[in-house]
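Descriptive analysis of the structure
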Amino acid sequence: MLDWIFEGIVTWISSIVSEMMDAVSGLFLDALGTDMTAMEEYFPFVTKAFTIMQYTAWAVLFLITVWQLFRVFGGPVTEAENPWTLLARSSLSALLIGYAKPIFQITLNIATAPYTALMEVKMKKEDFTFVGVENALKNGLTTIISIATVVGLLLLVILMIALGWNYFKLLLETVERYIVVGVLCYTSPLAFSMGASKTTVPVFKSWCRMVGSQLLLLVMNVWFLRGFSISVGQYVGNGGELSNGNGRIFLWLFCAIAFLKTAQKFDSYLAAMGLNVAQTGSGMGLELMMAARAVSGLGSGARSAGSVFGGGSSAAATGAGAAAAGFASKFKGNSYVRDAVVDGGVRMGAGGGLGFVGRAFGGIAARNGATLTSDSISSVASRNPKMSGTIGGEIADKSLANYMPQLKGVPLKDTKISGGKISTTAMVPNGKMAELNLYDKNQFEKPEGPSALVEASDGVDWYAMRQNAQTPAFESGELADDYNQSQFQAFMPGYEQQVSSVDGSRRLEGQVEVQHEDGSGTRFYDTSQYAVPRGDYQVYEDSRGGQWYAIHGEASVDRKPVYEDGKPVYDGDSVRTVSVESVRYRSTPERYDEPRKRDHSAEKSPRRKN
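Read on for a plain summary of the structure. (Residues numbered from 1 in each chain as written. Predicted model: local features only at pLDDT ≥ 70, side-chain atom pairs only at ≥ 80, totals over all residues. Heavy atoms only, no water.)

Each helix and strand in the protein was counted, giving 21 helices and 16 strands. For the protein, with 610 residues in total, the buried portion stands at 41%. Partitioning the intrachain contacts of the protein with sequence separation of at least 6 by distance along the chain shows that 64% fall at a separation of at least 24. Summing over all exposed atoms, the protein offers an accessible surface of approximately 33200 Å²; the carbon and sulfur share of this is 58%. (Helix = DSSP H or I, 4+ residues; strand = E, 2+ residues; numbered from the N terminus. Buried < 20%, exposed > 50% of the residue type's maximum accessible area, 1.4 Å probe, protein only. Contact = heavy atoms within 4.5 Å. Areas by Shrake-Rupley, 256 points an atom, 1.4 Å probe, with all protein chains shown as cover.)

This is the structure:
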């Protein structure tokens, strides 16, 4: 009797999940198109406040223009812009502010064509329903494990919850992406006000790139949601079987969940490619709370029904329920999650069979969004590299802020945490990516280069190296001179001397060299990588905020030997030479070394008292 009741409860939960998915499946794509109808009708305030945004933008534009004109009176000291160019840009920006709404309406209409085309694609499995999914999963499970057992019933619920939860998360992403486009459109006057001055125009360019990227995401919403819905109909019809006879339930389910997760993270993938996209998605706290409520309730039901299968089954059900509920927490000290994701190093959790099971569940929790606590990260970062191991990947990106509170709310990628050293790439407020390297003060000597001391949550001080200057990519060859000149002028706006060619072959070493029409040249050295040079030099700031030492060089002619087949050519007893134009620099700054490891061998322990 209890067996039948438990099976009924599981079937009821599965049907609720499928019915909820079915209820909302057709609402979003039709309602959230590329127009602002939903935005304007659900949030009428934004339309009323649009005029205020325009007047605010005109006021900001006026202040920027007046300030830049005021700088003209400072002459070359203030590096002011050409006043006529400034006034022309300001006039154009003022016009764009006045026509901001028609402009973004035209932009939205451009995205309507691909959006509508994807909506109108006809498929054979168009009339699908989620209601049949639980029965299809149940039939697929019967070929693998008896559905009457508690394991099979729990597996059915877990599969349904995983599928439904990821589908709802994608729907939330879809709505958030639509709202972001609406916010960008109705605040567009503020972006247009940034187009007047050379110092503020990067903000306007970033806004334009973000609008284009978000519209691309809006179109991709249709691609992902329709792709998933058609896949569901296909699975209900053929049970996940492929034309080659392979497939079945688990392959389709894993592919479906992976498809949904890829759709949720597509904005991150676009950002990694260099597009300016807003990072959307539900907060981790909400996800953990929802998972805890759903799975904890399931665990309680499993404990009640598990008693009918004897002590062993009851214990197994109880353990499974408790472990599943633990996914929503961070475990005690995160020891098992930490052990599951660290590459090498000494384990923190228990050993033996218990440790193996704990690390297995820790790995599942990590893949489902769990983060590492400060203590877990400290157990790696503060140890000797030979014992610490390494933490990397997505969990390192999401967890580092727990150890470094200064990084709260900052998107990170390519994070690597090891003994005494942490490296990551952070997205700074202007939308650019900046590399960040930190060295443990207890393990490394004070760096030669510019750095700052930051304190981690465990009280350990770290040397934070100043970010190296970021240089654009320059082309090689004489045909690229015009392009390189334009790139350099945009990169170093304060350098007013005319440039004839640019050599960026050593830009990754923090060096850029330019030559002038008279044969002279200037070498630029990144101040975060090079010491203060001897002799005369100037300091310039690039468009991205980096500081550069500029050393001027005079034109000269050098005599260089002639080689053929790798051997010098002789004219009698003398080596044949040829005159080569070059630039002679009076000084070259020294490059900073990497922070050096502390030498603890000379440290002696205190003598014990007699």
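That shown, we press on.
Estimates place the volume of the second largest pocket at around 410 Å³. Taken together, 21 residues form the lining of the second largest pocket, with Asn437, Met465, Asn468, Gln529 and Glu594 sitting closest to its centre. Counting only elements with at least two residues in the lining of the second largest pocket, the list comes to β3 (421-427) and β4 (433-440). Partitioning the lining of the second largest pocket into residue classes produces six nonpolar, eight polar and seven charged. (1 Å grid on protein atoms, 1.4 Å probe; cavity = no way out; pocket = protein on both sides within 12 Å on 5 of 7 lines; lining within 4 Å. Points joined across faces, edges and corners; volume = space filled by probe spheres on them. Nonpolar A, V, L, I, M, F, W, Y, C, P; charged D, E, K, R; others polar.)

Using the criterion set out here, one finds 22 aromatic pairs in the structure. Arranged with centres 6.0 Å apart and planes meeting at 65 degrees, the rings of phenylalanine 524 and tyrosine 540 form a pair that is edge-to-face. Placement of phenylalanine 524 in strand β9 (residues 521-526) and of tyrosine 540 in strand β10 (residues 538-541) is noted, with a sequence separation of 16 residues between them. An aromatic cluster of three or more residues is present, and its members are Trp223, Phe224, Phe259 and Phe266. (Phe/Tyr/Trp six-rings, centres within 6.5 Å; stacked < 30°, edge-to-face > 60°.)

This brings us to the pattern of salt bridges. Summed over all chains, the structure comprises six salt bridges. In this structure, arginine 338 and aspartate 339 form a salt bridge, with 3.1 Å as the shortest nitrogen-oxygen distance. Residue arginine 338 is classed as buried on the basis of its relative accessible area, which comes to 0%. Between glutamate 394 and lysine 398 there is a salt bridge whose closest N-O contact spans 3.9 Å. Note that glutamate 394 and lysine 398 are positioned in helix α20 (residues 394-403) at a spacing of four residues, about one turn of the helix. (Salt bridge = Lys/Arg side-chain N within 4 Å of Asp/Glu carboxyl O.)

As a further point, take the sheet that holds strand β2 (residues 412-418). With antiparallel pairing, the six strands of this open sheet are ordered in space as β1-β2-β3-β4-β6-β5. This sheet does not close on itself; its edge strands, each paired only once, are β1 (390-392) and β5 (451-455). On average, each strand axis in the sheet is inclined to that of its neighbour by 20 degrees, with strand direction left out of account. In this sheet, β2 lies alongside β1 in antiparallel orientation, the contact comprising three bridges. Bridge pairing links threonine 390 to serine 418 in β2. Against the sheet, helix α18 (residues 374-381) touches β1, β2, β3, β4 and β6 (461-465), its axis set at about 60 degrees to β2. Lying over the sheet, α20 contacts β1, β2, β3 and β6, oriented at roughly 75 degrees with respect to β2. (Pairing = 2+ DSSP bridges. Axes fitted to C-alpha atoms, helices over the stretch in contact; angles between N-to-C directions.)

On the surface, Phe62, Leu63 and Val66 cluster together into a nonpolar patch covering about 320 Å² of accessible area. Summarising the element assignment, leucine 63 is placed in helix α5 (residues 50-72). (Patch = residues over 30% accessible without salt bridge, like charges linked within 9 Å, V, L, I, M, F, W, Y side chains within 5 Å.)

A few words now on a negative patch on the surface. Negative charge collects at one region of the surface, where Glu448, Glu590, Asp593 and Glu594 lie side by side. Tracing the backbone shows aspartate 593 in the segment after β16 (577-584). (Lys, Arg positive; Asp, Glu negative; His and termini not counted. Charge placed at Lys NZ, Arg CZ, Asp CG, Glu CD.)

Here we take up the nonpolar core. Among the nonpolar cores identified, the biggest contains 30 residues, and Met36 and Tyr186 are the most heavily contacted of them. Setting aside residues no more than four positions away along its own chain, methionine 36 makes contact with Phe104, Leu108, Tyr178, Val181, Gly182 and Tyr186. (Core = buried A, V, L, I, M, F, W, Y, C linked by side-chain atoms within 4.5 Å.)

Glancing now at the environment of glycine 510. Here glycine 510 is to be found in the loop between β7 (501-503) and β8 (511-515). Spatially, the C-alpha atoms of glycine 510 and arginine 591 are 9.3 Å apart, while their sequence positions differ by 81 residues. Beyond its immediate stretch of four places on either side in the chain, glycine 510 contacts Phe524, Tyr525, Asp526, Gln529, Tyr530 and Trp548.

Another point: the pairing of β3. With five bridges connecting them, β2 and β3 associate as antiparallel partners. Bridge pairing in β3 places isoleucine 417 opposite isoleucine 422. Where β2 folds back on β3, the antiparallel hairpin that results is connected by two residues, among which glycine 420 adopts a positive phi of roughly 85 degrees.

A word on the packing of α5 against helix α6 (residues 83-98). Their axes nearest at 10 Å, the elements α5 and α6 cross at an angle of 180 degrees. In terms of axis orientation, α5 runs roughly antiparallel to α6. Side by side, α5 and α6 meet where Gln54, Ala57, Trp58, Leu61, Thr65, Gln68, Leu69 and Val72 of the first sit next to Pro83, Leu86, Leu87, Ser90, Ser93, Ala94, Ile97 and Gly98 of the second. Looking at side-chain class alone, the contact of α5 with α6 contains ten nonpolar, six polar and no charged residues. (Parallel < 35°, antiparallel > 145°, perpendicular 65-115°, else oblique.)

With that settled, consider the environment of serine 556. You can see serine 556 is positioned in strand β11 (residues 547-561). With 25 residues separating them in the primary sequence, serine 556 and glutamate 581 have C-alpha atoms 6.0 Å apart. In contact with serine 556, other than residues within four places in its own chain, are Val580, Glu581, Ser582, Val583 and Arg584.

Residue placement: threonine 65 occurs in helix α5. Overall, threonine 65 belongs to the buried group, its relative accessible area being 10%. Every residue in contact with threonine 65, bar those within four places of it in the chain, is listed here: Leu86, Leu87, Ser90 and Ala196.

Turning our eyes to something else, we now look at the pairing of β6. With respect to burial, β6 is a largely interior element, four of its five residues being buried. In terms of strand pairing, β4 meets β6 through three bridges, oriented antiparallel. By the bridge assignment, leucine 438 is partnered in β6 with alanine 464. Strand direction decides the pairing type here: β5 and β6, joined by five bridges, are antiparallel. Within the sheet, the bridge partner assigned to serine 451 lies in β6 and is methionine 465. Between β5 and β6, which pair antiparallel in sequence order, lie five residues; one of them, glycine 459, sits at a positive phi of approximately 85 degrees.

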